[in-house]
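Architecture and fold: a report
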Amino acid sequence: MKNTPAAMKSAAINPALACVMGDMDMVRPLGLAGLRCAVVTHPGAPALHSRFTRDAILWDDPARNPDGLVEVMMAFAKDQPEKPVLYFQDDTQLLLVSRNRDRLAEGFRFAIADAELVEDLVDKGRFQALAERLDLPVPATHRLYPTREAAPDVVDLRFPLIVKPLTRRRVWDEADGFAKAIQVDSAEELRALWPRLAAVGLDLLVQEMIPGPETRIESYHVYVDERGGVAGEFTGAKIRTYPLAYGHSTALTITDAPDVAALGRSLTERLGLRGVAKFDFKRAPDGSLHLLEVNPRFNLWHHLGAVAGVNLPALVHADRLGLPRPAVGKARAGARWCHITKDRLAAKDSGLSMATWLPWVLGCEAKAIALDDPMPFLHNQLARFLPSRAPHDAPGGAMTAQ
């Protein structure tokens, strides 16, 4: 495997692996910084085939036997010459690291928010209580208990409303017709929906909807060091989601939004946050910003941030090793990321022709297919025609205990 002189030099001064509980949108920004990655992922994952991946821990589902995964990770760390720097991309991984932080700190370096704050931010019920205590600019919200209560006759909120689970759960994501959230336009509609909500078996939040499409959602991304200083930041906005309403992001762009950055910095201080975080806001028709959620973890935006000039994972890596931080400028507004296959569906549903969409996607700076690292995308597309890869064939002889 060829390495550029710059990457070889970076690896020489950054001897610790970047241990990534995540996908290529986390591996790539670290690889672009010249860092060697070990991935914690499932067999067949595209990240296993990246030129930036040097080792792997294969694990089907972090929510399944988390204690076992922690022990396998600790055994892996024990074999490394330097403590790896640990990155975690979704809520399940975040909670696993936070709830096992003392044990994992024996084998890994990582940057993470205070344990209680993590719990407050991940659980939407606790987040609502936190928002009330700190007077955060969130829409009016109530909790619902479909499994224990009858459908309410009256809801003391203004319709339309958004219904969503207290925490992200697979059972919600897999429910037929449920996106990340459900819009409800009247009390009658909520009562009609109630049996389906009860069948999912989760406690829920109902929240006043801020008018406007998903493109009105803007975000602030930050890494706050242990002293409370902002080491790097950028702002962004959604271009498309799939499904178009309350779907998952398929196209994103870097913005230059001073009010988003200013509010993000203010809330970071109010929360006493350390580590990385993403603040999601929705801009109302009058221009005001309303806080939807705070995610104190790494995420797919870091790929786009890195190509736009602000590589937050690389800053974390340098700080964890006590090395000089890489140079950071202002993120280049207009830089774009897309999920190629899902964004084609989103673009089609939004009325974009292939002739319009294809040049747009080819111009995206951050996407799954990269000329300098094509195998993750190509292998993923060809996987159904290829024999399954045995675990021991993964990079570096992956650890596979379950």
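Residues numbered from 1 in each chain as written. Predicted model: local features only at pLDDT ≥ 70, side-chain atom pairs only at ≥ 80, totals over all residues. Heavy atoms only, no water.

As annotated in an unreviewed UniProt entry, the protein carries the name ATP-grasp domain-containing protein and comes from Azospirillum aestuarii.

In a beta sheet, neighbouring strands pair by backbone hydrogen bonds and run either parallel or antiparallel. Taken in spatial order, the four strands line up as 5-8-6-7 in an open sheet, and their pairing is antiparallel. Because the sheet does not close on itself, it has two edges, and the strands there are strand 5 (141-144) and strand 7 (182-184). In this sheet, neighbouring strand axes are inclined to one another by 30° on average, regardless of whether the strands run parallel or antiparallel. The strands that helix 9 (residues 187-200) touches are strand 5, strand 6 (161-165), strand 7 and strand 8 (204-208); relative to strand 7, the one it contacts most, it runs at about 145°. (Pairing = 2+ DSSP bridges. Helix = DSSP H or I, 4+ residues; strand = E, 2+ residues; numbered from the N terminus. Axes fitted to C-alpha atoms, helices over the stretch in contact; angles between N-to-C directions. Contact = heavy atoms within 4.5 Å.)

This next bit is on unusual backbone geometry. With glycine set apart, most residues show a phi of negative sign, and most peptide bonds adopt trans. Residue Pro160 follows Phe159 across a cis peptide bond; omega there is 5°. Counting through the fold element by element, Pro160 comes out in the loop between strand 5 and strand 6. Here Asp135, not a glycine, exhibits a phi torsion of approximately 55°, which is positive. In this structure, Asp135 sits in the loop between helix 7 (124-134) and strand 5. Under the relative-accessibility criterion, Asp135 is labelled exposed at 61%. Backbone geometry at Tyr246 places phi at a positive 60°, although glycine is not the residue there. (Buried < 20%, exposed > 50% of the residue type's maximum accessible area, 1.4 Å probe, protein only.)

Quick look at the pairing of strand 4 (residues 85-88) now. Where burial is concerned, the two faces of strand 4 agree: the one with Val85 and Tyr87 and the one with Leu86 and Phe88 are both buried. Bridge count between strand 1 (residues 18-21) and strand 4: four bridges; the pairing is parallel. When the bridges of strand 4 are listed, Ala18 appears paired with Val85.

We now examine the nonpolar core. If you look at the biggest cluster of nonpolar residues, it comprises 87 residues, and the most contacted ones within it are Leu104 and Phe279. Counting 18 residues, the second largest nonpolar core, distinct from the first, contains Leu157, Trp172, Ile182 and Leu202. (Core = buried A, V, L, I, M, F, W, Y, C linked by side-chain atoms within 4.5 Å.)

For the pair helix 6 (residues 115-122) and helix 7, the least separation of the axes is 5 Å and the interaxial angle reads 105°. Between helix 6 and helix 7, the crossing angle belongs to the class labelled roughly perpendicular. Counting all contacts with helix 6, which are made through Glu116, Leu117, Glu119, Asp120, Leu121 and Val122, the residues of helix 7 involved are Lys124, Arg126, Phe127, Leu130 and Arg133. Class assignment for the residues of the contact of helix 6 with helix 7 results in five nonpolar, no polar and six charged. (Parallel < 35°, antiparallel > 145°, perpendicular 65-115°, else oblique. Nonpolar A, V, L, I, M, F, W, Y, C, P; charged D, E, K, R; others polar.)

Bringing the pairing of strand 11 (residues 248-255) into the picture now. With seven of eight residues buried, strand 11 lies mostly within the body of the structure. Bridge count between strand 10 (residues 230-242) and strand 11: seven bridges; the pairing is antiparallel. Bridge pairing in strand 11 links Gly236 to Ile254. Where strand 10 folds back on strand 11, the antiparallel hairpin that results is connected by five residues, among which Tyr246 adopts a positive phi of roughly 60°. As paired strands, strand 11 and strand 14 (residues 336-338) are joined by three bridges and run antiparallel to one another. Considered in strand 14, the bridge of Leu252 is made with Trp337.

Before going further, it helps to examine the environment of Asn311. By secondary structure assignment, the location of Asn311 is in the loop between helix 11 (301-307) and helix 12 (312-321). Put simply, Asn311 and Ala327 are 16 residues apart on the chain and 9.1 Å apart in space, counted from C-alpha to C-alpha. Once residues within four sequence positions are removed from consideration, Asn311 is found in contact with Pro29, Ala33, Gly305 and Ala306. A distance of 2.8 Å separates a polar side-chain atom of Asn311 from the backbone oxygen of Pro29. (Polar contact = N/O pair within 3.5 Å; in protein donor to acceptor, adjacent residues only side chain to side chain.)

Moving on to the confidence of the model for the protein. Close inspection of predicted coordinates is inappropriate for parts of the model with low pLDDT. With 91% of its residues at a pLDDT of 70 or more, the protein shows a mean pLDDT of 90. Segment residues 1-12: pLDDT under 50, and eleven contacts once partners within four positions in sequence are set aside and those in other chains are kept. Every residue in residues 389-394 scores below 50 in pLDDT, and together they form ten contacts with partners more than four places removed in sequence or on other chains. (pLDDT = per-residue confidence, 0-100.)

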